[in-house]
There are 2 protein chains.
Amino acid sequence: MYELDAATALTRADETRFTLEVSDGWGIYQYPNGGFLAALGLRALGELVAQPDPMSFTAHYLRPAQPGRMTIECEVVREGRTSATAQARLIQGGKERVRMIAAFGDLDANEGTTLETASPTPVPPLSECVSIGGPPMGSTFADRIELRFVPGTAAFLEDGDVEPQPALGGWVWLKDERPTDLLALALYADAWPPPVLNVVPRVWVPTVELTVHLRRRPAPGPVRAWFRTDHIVDGVMSTDGKLWDEQGRFVALSRQLARLKQP
Amino acid sequence: MYELDAATALTRADETRFTLEVSDGWGIYQYPNGGFLAALGLRALGELVAQPDPMSFTAHYLRPAQPGRMTIECEVVREGRTSATAQARLIQGGKERVRMIAAFGDLDANEGTTLETASPTPVPPLSECVSIGGPPMGSTFADRIELRFVPGTAAFLEDGDVEPQPALGGWVWLKDERPTDLLALALYADAWPPPVLNVVPRVWVPTVELTVHLRRRPAPGPVRAWFRTDHIVDGVMSTDGKLWDEQGRFVALSRQLARLKQP
């Protein structure tokens, strides 16, 4: 069994509740990664709705989660013929840590117009991207996730003459080569160092809210990703992310609202 | 009292519930506009949380709403020192129509870095934008909202040699000249015809989910807005919107996931 599947395996407690021991293997410092927490919620909700695929989820990060016992309380808000909406509450020590709401559908059953007018991915082939020495954020998460950066985009991590801009990206995959699927995309959408670090060094950027649109079933290989923070206003920022699969097909959009904090 | 304030005035039923008669004056055909419904939820939640400003909200549109009696059931999920998270359920005839979750804060109390690296607004001055004859969507909503389009961007509404692209925008305000505030921005983020109509004529585009980040308190005047649909995949699309106030300051981001339906 792949690590992500083992770490997001849930025990069903009753009709709408699941439990698990949150692993300490997916942490940024001691805190489980936000995309990993979202994946836990999606797995729980996926057990309850008939529609197979998460198409949009929003996670509000209320309090830091931690390794150890967690209960996930779910509610199916609406189950329709072509879509379902459901909510998850991730609870530890009696306190809600994350609230999620997600819309599910069946990507294989969607039909109708396809028309894509966006610029192609700004991420060059994997062979042109670079590994940056050491875990990017001093974390156990970095033991699971492989990142290859577009050269020059991780100014805060690189030595040399890099013109800093609040954007970065490259390729991402799981080190145990688990095939990419929608659950992995949810993780990859929050797996990167915040691009703001290129322009505002050494801040801590707790996410208030993360919304991801999962738009295509990805090819199983590594994923290209690009993240950009266009507007930091009074210490609050939005970061936009876009993901493409190995074949260059657009697969997901992410956006998060976060606060900049001095550590 | 301005029309938007009258139409979103709520009666408190108990500690967490509000009621109102949904006006038929904010409809797209017979259905109340999605941004208007979001404004109802935000007004209810704003009564319950100490933080004054919605900073991010997500609305999942579960079933069409209609004019008439509505109950809004609220839950304060977490109230913190600098932010609050709360949820609203808009219910008619015993059925939930919209579920919203929102993060509140105090925009005037935010402090820290401001750094904006995005391109300036693509919307020219108001005097260069054009009114397009008749209500854009045959709706009572159009009686309340004034739109001025960037010339050439509303190809589906214009005669002549317009190169269609899935993007449109211009200026927006309330006809009764209610000063723009965060509640109005929530409305303006969903007040435009879908840009997809430029490239896929005469489709109906029910919104699955709308997320808006409200990032600055806007100047009171008209707002510039720009919307773009980059990726339509198998009849599902994401539309990104961006709003600037009269002074050209970035004030809000929106993104929605919608399905294309043949009428």
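Owing to the predicted nature of the structure, the values given are computational and were not obtained by experimental measurement.

Caption draft 1: The arrangement of the interface of chain A and chain B in detail. In this assembly, 59 residues from chain A lie in contact with 59 residues from chain B. At the boundary of chain A with chain B, total buried surface from both sides reaches about 5,100 Å², with 52% on carbon and sulfur atoms. Together, A:R215, A:H231 and A:R255 form the three largest contributors to the area buried by chain A at its contact with chain B, with a combined 14%. A:R255 is paired through a salt bridge with B:D240; the nearest N and O atoms lie 3.7 Å apart. Scanning the region where chain A abuts chain B turns up 41 residue pairs in polar contact (both at pLDDT 80 or more). Per element, the largest residue contribution to the side of chain A that touches chain B is 7 residues, and it comes from strand β15 (residues 250–259) of chain A. Across the side of chain A that touches chain B, the residue classes break down as 21 nonpolar, 21 polar and 17 charged. Bridging between strand β13 (residues 223–233) of chain A and strand β9 (residues 115–116) of chain B involves 2 bridges; their strand directions are antiparallel. Its bridge partner being in β9(B), A:H231 is matched across the sheet by B:E116.

Caption draft 2: Up close: the environment of B:G34. Residues and elements named next belong to chain B. Tracing the chain through its elements places G34 in helix α2 (residues 34–48). Among the residues examined, G34 registers a relative accessible area of 14% and is labelled buried. When the C-alpha atoms of G34 and G68 are compared, they prove to be 15 Å apart, with 34 residues separating the residues in sequence. Among all residues touching G34, those that are not within four sequence positions of it are Y61 and D190.

Caption draft 3: Inspection of the pattern of salt bridges at higher detail. One pass over the structure, following the stated rule, counts 36 salt bridges over all chains. The salt bridge involving A:E21 is made with A:R69; its shortest N-O contact spans 3.9 Å. One end of the pair, A:E21, is in strand β2 (residues 17–22); the other, A:R69, is in strand β6 (residues 68–79), with 48 residues separating them in the sequence. Comparing A:E21 with A:R69 shows no difference in burial state: the two are exposed. Through salt bridges with shared partners, one network takes in A:E73, A:R89, A:E96, A:R99 and B:E75.

Caption draft 4: Local environment of unusual backbone geometry. Even without glycine at this site, A:Y29 takes up a positive phi of about 50 degrees. Here A:Y29 lies in the loop between β3 (27–28) and β4 (31–32). Relative accessible area serves as the criterion here: at 56%, A:Y29 is assigned to the exposed category. We note that B:R202 has phi near 55 degrees; this positive angle belongs to a residue other than glycine.

Caption draft 5: Highlighting the layout of surface pockets. Residues and elements named next belong to chain B. If you add up the space inside the second largest pocket, you get close to 1,200 Å³. Every residue lining the second largest pocket is counted, 46 residues in all, and those nearest its centre are W204, V205, P206, T207 and V208. For the lining of the second largest pocket, the element with the most residues is strand β15 (residues 250–259), which contributes 4 residues. Classifying every residue of the lining of the second largest pocket by side-chain character gives 29 nonpolar, 9 polar and 8 charged.

Definitions and limits used
Residues numbered from 1 in each chain as written. Chains lettered and ligands numbered in written order. Predicted model: local features only at pLDDT ≥ 70, side-chain atom pairs only at ≥ 80, totals over all residues. Heavy atoms only, no water. Contact = heavy atoms within 4.5 Å. Buried area = accessible area lost by both parts, 1.4 Å probe. Salt bridge = Lys/Arg side-chain N within 4 Å of Asp/Glu carboxyl O. Polar contact = N/O pair within 3.5 Å; in protein donor to acceptor, adjacent residues only side chain to side chain. Helix = DSSP H or I, 4+ residues; strand = E, 2+ residues; numbered from the N terminus. Nonpolar A, V, L, I, M, F, W, Y, C, P; charged D, E, K, R; others polar. Pairing = 2+ DSSP bridges. Buried < 20%, exposed > 50% of the residue type's maximum accessible area, 1.4 Å probe, protein only. 1 Å grid on protein atoms, 1.4 Å probe; cavity = no way out; pocket = protein on both sides within 12 Å on 5 of 7 lines; lining within 4 Å. Points joined across faces, edges and corners; volume = space filled by probe spheres on them.

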